[in-house]
Amino acid sequence: MEISVSPSILAADFTNLGREIARMEQAGADMLHIDVMDGVFVPNISFGLPVVKSIRKATGLFFDVHLMICDPLAYVERFAAAGADGITFHLESRSCPEKVVEAIRASGKKAGISIRPSTPISKVLPLLPQIDMLLVMTVEPGFGGQGFMKEMLEKIRAVREYALESGIPLDIQVDGGINGETARLAVEAGANVLVAGSYLFRSEDAGEAIASLKGQQT
C-alpha cells in the first residue's frame, strides 16, 4: 500500500509560510493539509478562504482542505473556488453529509469525511461508497501538538477491513500526533494518508522526515 504524506500547515512558521510550503514540496510531500477552524465547531480559530487563495499561487501541491466548521455545506463552493483539491468535512457538523458530498462532487473536488475520536464508525460506514477518503482523527480536533490516541488504531483497522470486504476503494487518513513510530502503527492498522505537523515542520531535514513516514509502506 503506497503511503501519501500531507504536511499540516497549522505547524508551519507563518512569518515565512510561502517558504515553508516550498520546503515541504521540495522534500517530497504529496499534498498540503489545510485545517480550517471556525472557533465554534472546535475551540480554536485558524485561517480561511483568503489564506487558501493566497497560498494557491505558491504551489502546485494538492490542497487537502479539512473543514472543522459547523456548516461546511455553506462553504464548499467557496473553498473549491479558492483552490481546494479535496475537501474533508466532519460527520458531526450541522450539515447533511449527503448534501455536502454532493456539493463537493459538483465542484469537481475529491470528497472526504472526518470523524472525531468519540464517533463510532457505524455512523460513517453507510457513507463510505460515496467518498474518496475517511479521516480518522487520532487526537481531539482543534489544536496541534497533541499526543496520538492509540485506541483509534482499532477504528482504523475496522474501517479498512470493511472497505476491503465491501470492495470500496478508500483512502484512510490519520491526523494527530503522527511521527515515525505512530505512523508505523497507523499504517499497520490500514491507514495510507498521513497528516503530520510538528514532526515535519520542526524537522531539520524535512526530506528525511517525509521519507521516514513513506517508508512505512506495507
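Predicted model, so just to flag it, every value in this text is computed and none were measured.

### Observations regarding the overall build of the protein
Part 1: Scanning the protein from terminus to terminus reveals eight helices and eight strands.
Part 2: Taking 218 residues into account, the globule formula puts the C-alpha radius of gyration at 17 Å, and the protein, at 16 Å, falls close to it.
Part 3: Across the 218 residues in the protein, those meeting the buried criterion constitute 55%.
Part 4: Pairs at least 24 apart in sequence give 65% of the contacts found in the protein among residues at least 6 apart.

### A look at the nonpolar core
Part 1: Judged by nonpolar contacts, the single largest core of 67 residues is most densely connected at Ile9, Ile34, Ile113, Leu128, Leu134, Leu170 and Leu194.
Part 2: Sort the elements by how many residues they give to this core and helix α6 (residues 180-189) lands first, with five residues.
Part 3: Look past the residues within four positions of isoleucine 34 in its chain and what remains in contact with it is Ile9, Phe47, Val52, Ile55, Phe63, Asp64, Val65 and His66.
Part 4: If you look at the next biggest cluster of nonpolar residues, it comprises five residues, including Met37, Val42, Met68 and Cys70.

### Re the pattern of salt bridges
Part 1: Summed over the entire model, instances satisfying the criterion amount to seven salt bridges.
Part 2: Among the ionic pairs, arginine 105 bridges to aspartate 132, the shortest N-O distance being 2.6 Å. Placement of the pair is arginine 105 in helix α4 (residues 97-106) and aspartate 132 in the loop between β5 (110-115) and β6 (133-137), with a sequence separation of 27 residues.
Part 3: You can call arginine 105 partly exposed: its relative accessible area is 36%.
Part 4: For aspartate 132, a relative accessible area of 23% gives the class partly exposed.
Part 5: For glutamate 181, the salt bridge goes to arginine 184, with nearest N and O atoms at 2.5 Å. Of this pair, glutamate 181 and arginine 184 both sit in helix α6, separated by three residues, roughly a single helical turn.
Part 6: Of the residues examined, arginine 184 reaches a relative accessible area of 30% and is grouped as partly exposed.
Part 7: Bridged by salt links that share partners, the residues Glu181, Arg184 and Glu188 form one connected network.

Definitions and limits used
Residues numbered from 1 in each chain as written. Predicted model: local features only at pLDDT ≥ 70, side-chain atom pairs only at ≥ 80, totals over all residues. Heavy atoms only, no water. Helix = DSSP H or I, 4+ residues; strand = E, 2+ residues; numbered from the N terminus. Rg over C-alpha atoms; globule rule 2.2 N^0.38 Å. Buried < 20%, exposed > 50% of the residue type's maximum accessible area, 1.4 Å probe, protein only. Contact = heavy atoms within 4.5 Å. Core = buried A, V, L, I, M, F, W, Y, C linked by side-chain atoms within 4.5 Å. Salt bridge = Lys/Arg side-chain N within 4 Å of Asp/Glu carboxyl O.

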